[in-house]
Amino acid sequence: MFNENLKWYFPASIPKAVQLIEQPGIILHGGGTRILKTQSRSIIGLVDICNLKLDYIKQKNNLYHVGAAVTFGKVVKFSKENNCLSMLGTALSEAASTPVRNRITIGGSIKDFPLWSNLIAPLIALDAKVEINNGSSKIIPIEEYITSGMIKTKHLVKEIIIPEDEKIIWRIKRFTLLKFEYPIFNIAIKFKFNGSLVHDAAFVITGVKNRFKRFNKAENIFMEKNLSEKLIKQAMKFIEPKFVSDYKYSSAYKEKVAKIIFEDLLLDIAGVKQ
Ligand SMILES: Cc1cc2nc3c(=O)[nH]c(=O)nc-3n(C[C@H](O)[C@H](O)[C@H](O)COP(=O)(O)OP(=O)(O)OC[C@H]3O[C@@H](n4cnc5c(N)ncnc54)[C@H](O)[C@@H]3O)c2cc1C
């Protein structure tokens, strides 16, 4: 149940919104899908971001800027219509349901980062950055935003910045046993090639212990080499996702399934018939 004295605010500028959330019990409201679920009585004010002009997707200097108020649904539509941001667009198209995707915002999803997030694994794999404002503006890599603890502080997410790169080869996997369930984990794999040689790679999983894991050692195995089944077998030794058991699945089960999926996706990219 919400606090009966809950007050709504509709500021028209970022400084005003940031000033409001400095007060205890006053938080930002994006799509409200998480806030509605928790309905904490300690929330006494909601600062809606709808008047902050953050509902944009722009392309500038080989970068996409996606404002915090953009919904998952809008990213999916933009990706399809403009034939771009394909990894992110596909990942977000698989989240929740159409009506819920039309509510969930990029800003709320970054700050919230639920275990079942469809957003964070592709953003890390794509080397995305996040612009935040807590009185002053900062742009930081999404990985650092999470690992430094910045994610837990009070701030406004203004936008995400994603390098334009249509030349990547990618795979994603949202693992659920039933399609409409929250995913148990999300995997994002990216490769960039220079000719036939791997020039860049990112293997990321979310839903694990410590929220996400990037397998840098496994990625390094492929650098400046031809992608082959032999290298994939070598890399798999370094892909050891660690999970927490829950009421449905043991950590051992989740670890086994995640490893199998990683290997299948890598073999698929390498064109190895399975
Ligand atoms: C039935 C259902 C199924 C779902 N399934 C999935 C799924 O499969 N995959 C998936 O990725 N997500 C899924 N979600 C969404 C996910 O669980 C969160 O609810 C969502 O990511 C929160 O986004 P929001 O915009 O609604 O944030 P809100 O609920 O508005 O806010 C969430 C938090 O972020 C803060 N916040 C909001 N905007 C900003 C901002 N601009 N800057 C800083 N802080 C901000 C708020 O203060 C609050 O603390 C699902 C949700 C529902 C209801």
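Below you will find a few notes about this structure. (Residues numbered from 1 in each chain as written. Predicted model: local features only at pLDDT ≥ 70, side-chain atom pairs only at ≥ 80, totals over all residues. Heavy atoms only, no water.)

If you walk through the whole model with that rule in mind, you get one cavity of 30 Å³ or more. In this structure, the largest cavity spans a volume of roughly 40 Å³. Residue lining of the largest cavity: Ala 91, Glu 94, Asn 118, Pro 122, Ile 172, Lys 173, Arg 174, Asn 186 and Ile 187, and that is the complete set. If you list the elements that add at least two residues to the lining of the largest cavity, you get β9 (169–175) and β10 (185–194). Among the elements that make up the lining of the largest cavity, the one with the highest residue count is β9 (three residues). Class assignment for the residues of the lining of the largest cavity results in four nonpolar, two polar and three charged. (1 Å grid on protein atoms, 1.4 Å probe; cavity = no way out; pocket = protein on both sides within 12 Å on 5 of 7 lines; lining within 4 Å. Points joined across faces, edges and corners; volume = space filled by probe spheres on them. Helix = DSSP H or I, 4+ residues; strand = E, 2+ residues; numbered from the N terminus. Nonpolar A, V, L, I, M, F, W, Y, C, P; charged D, E, K, R; others polar.)

A few words on the packing of aromatic side chains. What describes a pair of aromatic rings is the distance from one ring centre to the other and the angle between the planes of the rings. Evaluation of the coordinates by the stated rule reveals 11 aromatic pairs. Seen from their ring centres, Tyr 64 and Phe 78 are 6.3 Å apart, and the 80° between their planes marks the pair as edge-to-face. Taken together, the residues Tyr 64 in strand β5 (residues 63–67) and Phe 78 in helix α3 (residues 72–82) connect sequence positions 14 residues apart. When its relative accessible area of 5% is taken as the criterion, Tyr 64 is described as buried. An aromatic cluster is built from Phe 191, Phe 193, Phe 203 and Phe 222, whose rings are joined through pairwise contacts. (Phe/Tyr/Trp six-rings, centres within 6.5 Å; stacked < 30°, edge-to-face > 60°. Buried < 20%, exposed > 50% of the residue type's maximum accessible area, 1.4 Å probe, protein only.)

Here we take up the sheet that holds strand β11 (residues 197–208). In space, the four strands of this open sheet follow the order β9-β10-β11-β12, with antiparallel pairing throughout. Taken across any chain shown, the strands that pair with only one partner, and hence form the sheet edges, are β9 and β12 (211–214). Going from strand to strand, the sheet's axes swing by 10° on average, the running direction of each strand aside. Where β10 meets β11, nine bridges bridge the pair, whose relative direction is antiparallel. Within β11, the residue paired with Ala 188 across the bridge is Val 204. Across the face of the sheet, helix α4 (residues 86–93) comes into contact with β9 and β10 while running at roughly 15° to β9. Of the strands in this sheet, β9, β10 and β11 are in contact with helix α11 (residues 251–270), which crosses β10 at around 25°. (Pairing = 2+ DSSP bridges. Axes fitted to C-alpha atoms, helices over the stretch in contact; angles between N-to-C directions. Contact = heavy atoms within 4.5 Å.)

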